[in-house]
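Coordinates in review
For reference, the chains in residue letters:
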Amino acid sequence: MSTFPTPRRGARLALAAAVAVTAALTGPVSYATSPAPADGEPTPGAPGLGDPMFPLDGNGGYRVDRYLLDFDWQAPRTPFAATATVKATATQHLSRFNLDFGGNTLHTVTVDGRAAGTSREGDELTVTPAAPLAKGRPFTVEVTYTADPTQVRHRDDAIETYGWIPTPDGTVVYPQPNGARLIFPANDHPSRRAPITFRITTPKDLTAVANGRLVGRSVRPGDRVRWTYDSEQPLSTQLVQLAIGRFTLVDGEGPRGLPLRDVVPDALVEPTAKYRKLTPEHLAWLEERLGPYPFNRYGVLVGDTDLGVALETQTLSLVPKADLLGTQVDAERNLVHELAHQWFGDSVALASWSDLWVSEGHARFYERMYSEQHGGDSFEATMKAAYRAHDQWRRDFGAPAEPTEPNLFKRMRYDGSALVLYALREKVGDATFQKIERAWVARYRGKAASTREYVDLATRVAGADGKDIEGFLEPWLYGPSTPPMPGHPDWVVDPAT
C-alpha cells in the first residue's frame, strides 16, 4: 500500500488480557494445531490467532484449502445475494470453529451439506457442525448471505477507508488490513493464504475482474453475464481484489512474455495510457534486483474513486486515477511501490502485522531508489531526512518492528522502515545486500515469513563477511532510539519532543 502523494488520512483488542499479553510478547500465536485432549474429546477452534495488533483476526482449528465466492451483483450501493463456499481441513478434533465475518445479513450455514448451528458476536461467526470434525478431515462450509456493498470502515492512518469502495458504476475493494470480512466470511489474517475462485454475475453492460486469470464468461438469464476468475496461486485475504464497472481490459506483455492486463474505466483509457505503458520497464528494473516476478500475470486496476490510496492487491494493483493523471515522477513512485509489493507482502506474506515494516519498508526502498534514477528526489537526501525524524517517529508510532495498532500504517512503516534497509545496505555493502534480498524472496516465495526470519537470513547471508548483523539490526528494529548510520557520522537525529 502506498501513501504517496500523501492522501487524506482518515482492532479490535477484545481478546482476553492473558492472550493479548502473550501475543504482545511472543508474536502471533497459532492455535491451528492445538492437540485434542488425551480422551479424544473434540474442542473448539480458537476464535483468533493472537496477533499483537488484532488478536481476534484469523481462526484456529482448520486450514482453508480454497474459497469459492458467488456474487450476484446488481448495482452500486445495492445489496445482492452472495454465497461463500469454504473448502477446509480440520487441524484438530473440532467441535466448532469461527469465521471472520463483519456486517452483511446472514441466511444459512451448512457444513458438508448439513445445517450447522451459528452465533455472531462482533466480527466472529461461530459455526457448530452437526457432528464434530475429526482431525485431518476435509470439510466444506457454505454460507449464504446478502452482501452489503455500502460497508466501509475507517482508520486514522494511511489506510483511510476500507471495505467496499463505490465507483460511479460499480465498486472496487480495499480489504487491507482486515476488511475482507466485509466482503466474505474468511480466515482473515495475512499469514493465512488460500486460492480463490470468483464467480461474479453482473448486468451485461458491466465487466467484473478479480485476482488471477479469467477462466470463463457465460451469458445468464435476464441479460446478465457471469465472470469466473481463478487466483491461480494462494493469496492472503488482505490482498483480494474484485471490481465491477464499465471497464476496458488492456492486454500487454512484460519481460519473458509475462501476460499483462490493465483494467481501466472506459473514460480513463487514453488519459492514463502513458504511465501504464511503463509497467514492462518497471518489471525489468525490479527483476534485475530481485529475480523473476513471482506470479503468472500482472496488471494495474485504475480506481475511479476519490480515495487517494493505492493497494498491492495480488496480481492486480489498485492505483487511484489521480496518481495516473499527475506528474510522471509521482505516478512512477506509486506504480513501482505497488509492483515491489508483489515480491514483498504478496509472494512473501506477513507472518504477523508487526512484520509490516518488511513489506512497506521494501516497497518504499525500491520506490525511492527507482525514483532517484528517473528524475525524482535524491534517495540519500530522503533517507537523511527520515533519519532526523526517526526518534520522533519511534516515540509517536513505535519502532519499525514494534508498531501499535492505531499507528500501524503511519510514517514509520514507510520511510522509517526503508531507512532500516538503507542502514543495512550501508553496513554490508550493495553486493551483500542484494544477496540478502534475492535470498529472501527466493527462500520464502509463496510462504509467510517474520521479522525474526528476515534477521536470521540476513545474518546467515552476511555471516561470511564476519559481520554481526543480528546485533546490528535489533536496535534498528526494536530500540528506543535510532542507532548511528553506517558511513554517515555527520547524520544527526532530532530529539523527540
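What counts and what doesn't
- Residues numbered from 1 in each chain as written.
- Predicted model: local features only at pLDDT ≥ 70, side-chain atom pairs only at ≥ 80, totals over all residues.
- Heavy atoms only, no water.
- Helix = DSSP H or I, 4+ residues; strand = E, 2+ residues; numbered from the N terminus.
- Expected span 1.5 Å × (residues − 1).
- Buried < 20%, exposed > 50% of the residue type's maximum accessible area, 1.4 Å probe, protein only.
- Arc of directions from axis to C-beta.
- Contact = heavy atoms within 4.5 Å.
- pLDDT = per-residue confidence, 0-100.
- Pairing = 2+ DSSP bridges.
- Axes fitted to C-alpha atoms, helices over the stretch in contact; angles between N-to-C directions.
- Polar contact = N/O pair within 3.5 Å; in protein donor to acceptor, adjacent residues only side chain to side chain.
- Salt bridge = Lys/Arg side-chain N within 4 Å of Asp/Glu carboxyl O.
- Phe/Tyr/Trp six-rings, centres within 6.5 Å; stacked < 30°, edge-to-face > 60°.
- Lys NZ or Arg CZ within 6 Å of the ring centre and 35° of its normal.

1. Regarding helix H8 (residues 430–443)
Helix length check: H8 (14 residues) gives 20 Å between terminal C-alpha atoms against 20 Å at 1.5 Å per residue, within 8%. Buried residues of H8: Thr432, Phe433, Ile436, Glu437, Trp440 and Val441, and no others. Angular distribution of buried residues about the axis of H8 spans 165°; they occupy a single face of the element. Facing away from the buried surface of H8 by more than 90 degrees, the exposed residues are Ala431, Lys435 and Ala442. As for H8, its buried residues are in contact with helix H3 (279–290), helix H5 (356–373), helix H7 (415–428), strand S24 (448–449) and helix H9 (451–462).

2. Describing the confidence of the model for the protein
On average, the protein scores 92 in pLDDT, and the residues at 70 or more come to 92%. Per-residue pLDDT stays below 50 along residues 5–39; that stretch engages in 73 contacts with residues further than four places along the chain or on separate chains.

3. So, the sheet that holds strand S3 (residues 97–100)
Across the sheet, three strands lie side by side as S3-S7-S6; this open sheet has antiparallel pairing. Each edge of the sheet is formed by a strand with only one pairing partner; in this case those strands are S3 and strand S6 (117–121). Averaged over neighbouring strand pairs, the angle between their axes works out to 25° when direction is ignored. In terms of strand pairing, S3 meets strand S7 (residues 124–128) through four bridges, oriented antiparallel. Counterpart to Asn98 in the pairing with S7 is Thr126.

4. Brief notes about the environment of Asp123
Following the sequence through the fold, Asp123 ends up in the loop between S6 and S7. Put simply, Asp123 and Thr89 are 34 residues apart on the chain and 22 Å apart in space, counted from C-alpha to C-alpha. Side-chain polar atoms of Asp123 contact the side chain of Arg181, separated by 3.3 Å.

5. What about the pattern of salt bridges?
Taken as a whole, this structure holds 29 salt bridges when the rule is applied. As a salt-bridge pair, Glu232 and Arg297 come within 2.7 Å of each other at their nearest N and O atoms. Taken together, the positions of Glu232 in the loop between strand S16 (224–230) and strand S17 (235–236) and Arg297 in the loop between H3 and strand S21 (300–303) put the pair 65 residues apart, joining distant regions of the chain. Residue class for Glu232 comes out partly exposed when judged on its relative accessible area of 26%. Note that Arg333 is salt-bridged to Glu367, the shortest N-O span being 2.5 Å. One end of the pair, Arg333, is in helix H4 (residues 328–341); the other, Glu367, is in helix H5, with 34 residues separating them in the sequence. Accessibility assignment for this pair places Arg333 and Glu367 in one class, buried.

6. Things to note about the sheet that holds strand S4 (residues 105–111)
Strand order in the open sheet formed by eight strands is S5-S4-S8-S2-S1-S13-S16-S15, and the pairing between neighbours is mixed. A strand with exactly one partner marks an edge of an open sheet, and here the two such strands are strand S5 (114–115) and strand S15 (213–220). Bridge count between S4 and S5: two bridges; the pairing is antiparallel. Bridging across to S5, Val111 finds its partner in Arg114.

7. Points about the packing of aromatic side chains
Following the criterion strictly, the structure yields 28 aromatic pairs and no others. Relative to Trp353, the ring of Phe54 lies with its centre 6.3 Å away and its plane at 80°, an arrangement referred to as edge-to-face. Taken as a pair, Phe54 in the loop between helix H1 (17–26) and strand S1 (62–72) and Trp353 in the loop between strand S23 (349–350) and H5 lie far apart in primary sequence, 299 residues in all. You'll find Phe54 and Trp353 in the same group, each marked buried. Cluster of aromatic residues (ring-pair linked, three or more members): Phe344, Phe365, Tyr366, Phe379, Tyr387, Tyr422, Phe433, Phe472, Trp476 and Trp491. One Lys or Arg, Arg217, reaches over the ring of Trp227 and ends 5.0 Å from the middle of that ring. The cationic tip of Arg443 hangs over the ring face of Tyr444; the distance from NZ or CZ to the ring centre is 4.7 Å.

8. Observations concerning unusual backbone geometry
What is expected of a backbone is that most residues other than glycine have negative phi and most peptide bonds are trans. With omega at 5°, the peptide bond leading from Gln176 into Pro177 counts as cis. Position of Pro177 among the secondary structure elements: in the loop between strand S11 (171–174) and strand S12 (193–194). Its identity is not glycine, yet Arg77 carries a phi of approximately 60°, on the positive side. Tracing the sequence through the fold places Arg77 in the loop between S1 and strand S2 (80–90). A residue is classified by how much of its surface remains accessible, and Arg77, at 53% relative accessible area, is exposed. Phi is positive for Asn104, which is not a glycine, with a value near 60°.

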